[in-house]
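One-letter residues, chain by chain:
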Amino acid sequence: MVNSMRSLVGAWLIPVITALSRSTLRSTSTSASSAQFTIPAEADIGAQLIANIDDPQAVNAQSVCPGYKASDVQENLHGFIARLALAGEPCDVYGTDVDALTLTVDYQASSRLNIQILPTFTDAVNSSWFLLSEEFVPRPESGGATNASDLIFSWSNEPSFNFKVVRKATGDVLFDTEGTVLVYENQFIEFCTSLPEEYNLYGLGEHFNQLRLLKDANVTMYTADVGDPIDSNIYGQHPFYLDTRYFKTGNSSERAKRNESNASGQYTSHSHGVFLRNSHGQEVLLRSQRLTWRTLGGGIDLTFYSGPTQADVTKQYQISTVGLPAMQQYSTLGFHQCRWGYNNWSELAEVVANFERFEIPLEYIWTDIDYMHGYRDFENDQHRFSYSEGAKFLKDLHEGGRYYVPIVDAALYIPNPDNASDAYDTYTRGAAADVFIKNPDGSLYIGAVWPGYTVYPDWHHPNATEFWSNELVLWAKNVAYDGVWYDMAEVSSFCVGSCGSGNLTLNPVHPPFLLPGEPGNIVYDYPEYFNVTNATEAASASAGAASQTTSTGSSPSTSTAYLRTTPTPGVRNVNYPPYVINHVQTGHDLSVHAISPNSTHSDGVQEYDVHSLFGHQGLNATYQGLLKVWSGERRPFIIGRSTFAGSGKWAGHWGGDNISKWGSMYFSIAQALSFSLFGIPMFGVDTCGFNGNTDEELCNRWMQLSAFFPFYRNHNVLSAIPQEPYRWASVIEASKAAMQIRYALLPYYYTLFHLAHTTGSTVMRALAWEFPSDPTLAGVDTQFLVGPSIMAIPVLEPQADTVKGVFPGVAHGEVWYDWYTRTVVKAEAGANTTILAPLSHIPVYVRGGSILPLQEPALTTREARNTTWSLLAALGSDGTASGQLYLDDGVSVTPNATLNVDFGASHSSLHITTTGKWKEVNSLANVTVLGVKKASPLVKFNGKQMSTVNYDSTAHILFVGGLQEVTKSGAWAEDWVLEW
Ligand SMILES: *[C@@H]1O[C@H](CO)[C@@H](O)[C@H](O)[C@H]1NC(C)=O
Ligand SMILES: *[C@@H]1O[C@H](CO)[C@@H](O)[C@H](O)[C@H]1NC(C)=O
Ligand SMILES: *[C@@H]1O[C@H](CO)[C@@H](O)[C@H](O)[C@H]1NC(C)=O
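Residues numbered from 1 in each chain as written. Chains lettered and ligands numbered in written order. Predicted model: local features only at pLDDT ≥ 70, side-chain atom pairs only at ≥ 80, totals over all residues. Heavy atoms only, no water.

### A short note on empty space enclosed by the protein
Remark: the empty space left among the atoms is shown by a probe the size of a water molecule rolled over them. Taken as a whole and judged by the stated rule, the model has eight cavities of 30 Å³ or more. There is about 80 Å³ of room inside the second largest cavity. Around the second largest cavity sit T244, Y246, S269, H270, S271, P308, T309, Q310, A768, W769 and P772, which together line it. Only strand 12 (238-248), strand 14 (267-276) and helix 17 (767-770) provide two or more residues apiece to the lining of the second largest cavity. With three residues, strand 14 is the largest single contributor of residues to the lining of the second largest cavity. Of the residues that constitute the lining of the second largest cavity, the class distribution is five nonpolar, six polar and no charged. (1 Å grid on protein atoms, 1.4 Å probe; cavity = no way out; pocket = protein on both sides within 12 Å on 5 of 7 lines; lining within 4 Å. Points joined across faces, edges and corners; volume = space filled by probe spheres on them. Helix = DSSP H or I, 4+ residues; strand = E, 2+ residues; numbered from the N terminus. Nonpolar A, V, L, I, M, F, W, Y, C, P; charged D, E, K, R; others polar.)

### What about the pairing of strand 5 (residues 151-156)?
Every other side chain in a regular strand lies on the same face of the sheet, so the side chains alternate between the two faces. Sheet topology places strand 5 next to strand 6 (residues 162-167); six bridges connect them, and they run antiparallel. From the neighbouring strand, L151 faces strand 6, where its bridge partner is R167. The antiparallel pairing of strand 5 with strand 6 creates a hairpin that spans five residues between the two strands. (Pairing = 2+ DSSP bridges.)

### Section: the site of ligand 2
Taken together, the neighbourhood of ligand 2 is formed by H461, P462 and N463. Here an oxygen atom of ligand 2 sits 3.5 Å away from a polar atom, N or O, in the side chain of H461. For ligand 2, an oxygen atom lies 2.3 Å from a polar atom in the side chain of N463. Considering ligand 2 on its own, with 360 Å² of exposed area, one finds that the protein chains cover 26% of that surface. (Near = heavy atom within 4 Å. Polar contact = N/O pair within 3.5 Å; in protein donor to acceptor, adjacent residues only side chain to side chain. Areas by Shrake-Rupley, 256 points an atom, 1.4 Å probe, with all protein chains shown as cover.)

### Section: unusual backbone geometry
Residue E206 follows G205 across a cis peptide bond; omega there is 5 degrees. Within the fold, E206 resides in the loop between strand 10 (200-205) and strand 11 (218-221). With an omega of 0 degrees, the peptide bond running from E490 to V491 counts as cis. Within the element layout of this structure, V491 appears in the loop between strand 26 (484-487) and helix 9 (530-533). Within the chain, H588 stands out as a residue other than glycine whose phi angle is a positive 60 degrees. Positionally, H588 belongs in the loop between helix 10 (535-547) and helix 11 (607-610).

### Brief notes about the UniProt feature "domain: Glycosyl hydrolase family 31 C-terminal" (unreviewed entry) in the protein chain
Taking the numbering used here, the UniProt-annotated feature "domain: Glycosyl hydrolase family 31 C-terminal" (unreviewed entry) corresponds to residues 760-852. Taken end to end, residues 760-852 has its terminal C-alpha atoms 21 Å apart, with 4% of it in helix and 28% in strand. (UniProt positions renumbered as here; feature names shortened; annotations may be inferred.)

### A word on the packing of helix 14 (residues 696-706) against helix 15 (residues 729-744)
Packing of helix 14 against helix 15 brings their axes to within 8 Å, and their N-to-C directions diverge by 5 degrees. Classified by the angle their axes make, helix 14 and helix 15 are roughly parallel. The segment helix 14 lies against helix 15, with E696, C699, N700, M703, Q704 and S706 engaging S730, V731, A734, S735, A738, M739 and R742. (Axes fitted to C-alpha atoms, helices over the stretch in contact; angles between N-to-C directions. Parallel < 35°, antiparallel > 145°, perpendicular 65-115°, else oblique. Contact = heavy atoms within 4.5 Å.)

### As for the site of ligand 3
The environment of ligand 3 is formed by F37, P40, S498, C499, S501, N503 and L506. Separating an oxygen atom of ligand 3 from a side-chain N or O atom of N503 is a distance of 2.2 Å. Isolated, ligand 3 exposes 360 Å² of accessible area, and the fraction of that covered by the protein chains is 46%. Here the shell around ligand 3 is built from residues that sort into four nonpolar, three polar and no charged.

### A look at the sheet that holds strand 33 (residues 784-786)
Strands sit in the order 32-33-34-38-36 across an open sheet of five strands; the sheet is antiparallel. The outermost strands of the open sheet, each flanked by one partner alone, are strand 32 (764-765) and strand 36 (816-818). Across three bridges, strand 33 lies against strand 34 (residues 790-792) in antiparallel orientation. Bridged to V786 within strand 34 is I790.

### Overview of the state of the cysteines
In total, this model carries three disulfides according to the counting rule given. Residue pairing for C65: its cysteine sulfur links by disulfide to C91, the two sulfurs lying 2.1 Å apart. Since a negative S-S torsion denotes a left-handed disulfide, the C65-C91 link at about 85 degrees is right-handed. Placement of the pair is C65 in the loop between helix 3 (61-64) and strand 1 (68-76) and C91 in the loop between strand 2 (79-86) and strand 3 (100-109), with a sequence separation of 26 residues. C65 gets classed as buried once you look at its relative accessible area, which sits at 9%. Exposure remark for C91: the relative accessible area of 18% places this residue in the buried category. Covalently, C495 is tied to C499 through a disulfide, its sulfur atoms 2.1 Å apart. Between C495 and C499 the disulfide shows an S-S torsion of about -75 degrees. By sign, it is left-handed. Residue C495 shares its accessibility class with C499, and that shared class is buried. Residue C192 stays outside any disulfide, its sulfur separated by 11 Å from that of C65, the closest cysteine. (Disulfide = S-S within 2.5 Å. Buried < 20%, exposed > 50% of the residue type's maximum accessible area, 1.4 Å probe, protein only.)

### Looking at the nonpolar core
Core analysis: the largest hydrophobic core is formed by 225 residues, its most contacted members being Y404, Y486, F708, W819, L910 and W972. At eight residues, helix 13 (residues 662-677) tops the list of elements feeding residues into this core. If you look at the next biggest cluster of nonpolar residues, it comprises 44 residues, including F161, L204, L276 and V284. (Core = buried A, V, L, I, M, F, W, Y, C linked by side-chain atoms within 4.5 Å.)

### Side note on the sheet that holds strand 11
The five strands are arranged 8-9-16-15-11 in an open sheet whose pairing can be described as antiparallel. Strands at the two margins of the open sheet, each flanked by one partner only, are strand 8 (183-184) and strand 11. As paired strands, strand 11 and strand 15 (residues 282-287) are joined by four bridges and run antiparallel to one another. Its bridge partner being in strand 15, V219 is matched across the sheet by V284.

See below:
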């Protein structure tokens, strides 16, 4: 049974995957001997450092540093400015102390307070001091007045400068540095705040673990190209947290304990947000009642958002500071299929044909690096992905209402200067414009990535964005792509240092590690319980794994002779800063698997100071490029791996290189919810898992789960077993069932995106955000909501046919309807309810009080948008419901016509109010009202009696059909009312 579909279909579907070496792919290899050169694995090994938090010899800055004294307070309209002077002998513990600082307290808006502490003399002792330019990361807007603020700032000099931020309405202390010293050095800043004993903190990304930060969490933030290890720094950097505090109602000093039940409705919560505008490597340590925030440089630019709800905080953060998320094209909400190892256009065509054949929706087909000529951006391999064949493929694809997205990597190939036939026009143009990152001596910084030796666009160069845009425009003339998948921008390099300098004639043909599928790196890994569901294959895989020699070159020395550096007064050591963050790469060395911290931008800024911004700026350049490619007429569609605070205004994000394991699927929910907080709602993960082989059961559950994520893509690693949803019978069934729901809900998703884009609301939501007075929900990340109205409770473990879930709010009259049966869920308040969830079934619920506009599912969103409408009105316990719909052409950056529909139901009637000029031509087929306690036989639409009416008095469902006649000119062409 298991895998039967795969073996059945496999014979004609699956190309034989041969061990792939890039030497066989390069069409421009030079002499036989130089074509053999491979960058050795040692090239990506740096120094062995010990992370400060693990170092028994580490000095605690708090115990040796003097702190500061404040003076010269000068009040102004928005707050005040003061001087901070070092309060004793400099400690110079992990850098050089700055003796004079300027404190600026700015009440920017009633909900927002900003505190800046910056060196007063930026050109004095520490001439290498780095201040983050507003050009790269804008500051939050100023302009509020002190007395209108929700927040109060106070400070004291006893025993040294410390400050508090208090919520005015409740007196709750949100931030308090009392009892700690401020440490402010050129390569190390540390400040601490007290926390409540029972704290609930979220955010501080990017990391791969549970939603609520652990009580003794060590959070490192520094962008890194690394495949989703748990608890480490990964691809993006988001120095923002949400702090939610639960109180006894009417008593803001009495806090709720974690997991305290709220059955009797005695709690309420307040949330606030904190953002540190700083691009350096950072570390946040959570300890008992204490948060310690450290950075490797820059300044303190700290903004507090008063909330008081999560939704308020998220809106305040996006609107004032990082920007509202990009509006997505309607089509991007369809299903996306990708894999590393789609080898040519005809293979893509075959995949598309299979989706059609199995009648599984498919909207976007993607290619990984396979399509490239020698892994060069903006150039196709003309043997396998020729422009002429591609033009035909893309024409057919587009005519079928489908789209294509290729990967684009951050680094660009630099050719062998001795080989004229190796020229690469993109490089030539970039070199002529001089827009690549340099070594400190002014020579080109040359790292190594997929193509061999590579250079890196310098986003600080005034012409770099134009260069990048132009490359996208030129390439689009050859390949009519529909978006960009922007990868490797952490920014990754497979060697330490400028390893290509003087070495360009070596033409490395292979990265310094084995590709998946190559001898020694055959993918034998399967999800947990594969040995139960498929004992035979599992046994042969484990035999294969056992016989595979795992040696992939030399590994770092195991000696404990750690490199420790001590500060030199006034001099920064950017390659080996004295403070060692717990960076995920080998040896914690910042130069491993990335370009070096001392590589230098055109404005003299060192990579050390802006490392985590590379991807963010590359996303901006790509966004500008796509605007040009489509003459500003189409919303850029970009999915990026490396993000920073604010990337959401240009791009969505996928969760990176996860693993085909059950834990990766579980953490995808927390990762998505964190990105809701970061203002990047367009989020999804590699469904069915990237690294390793998946199996039928995991892929079944994952295709169901991801169907409810904003971005829905299946992606797979090179040489792992194929995992398109049509590979197994049960996965076909599960995918179709879940996609039926997703595609019916597309108008709802699109409306949520419009609201996110215009107001800063979220798409995927944690239970705690929608039910803020229930402390038991504070850590829930095994189920989630989409918008306010849809709740999914996925199965996250193998071999289960039930799942436990909570139905929030039922103690206070919240009603939940089963999506499938449309009947009320009988759930007990606060109880973990066991729900039937056999394979291929994902429990989904509609929240009472919601009105959902639905269309018919279809194989593409274009078809789905051409179907008739229906309304699902799920009444709350008070008999009311409401909802919204936003429509436009789904594509335009500035649509010339839009439509907003407001739905409301109360007192046995449902009415709509429409505004806007977008013409929706499809009619309304029917209305289903759930929770109708009694219905009169007389159901009227705009006063006219309807004949197709069915009332189920047991299930309390009212169905009114036959509405096409009365909505011929379009479901939302005019306001109407339905009465029952
Ligand atoms: C954080 O780091 C400290 C010091 O290494 C360690 O004791 C603690 O267990 C870590 N916390 C977590 C959640 O791993
Ligand atoms: C950017 O390009 C313009 C136009 O080609 C040129 O005049 C200018 O010098 C360039 N700027 C730099 C910093 O190279
Ligand atoms: C050039 O390549 C050789 C061989 O891998 C290596 O030993 C050398 O360090 C490289 N040069 C630089 C500047 O990294």
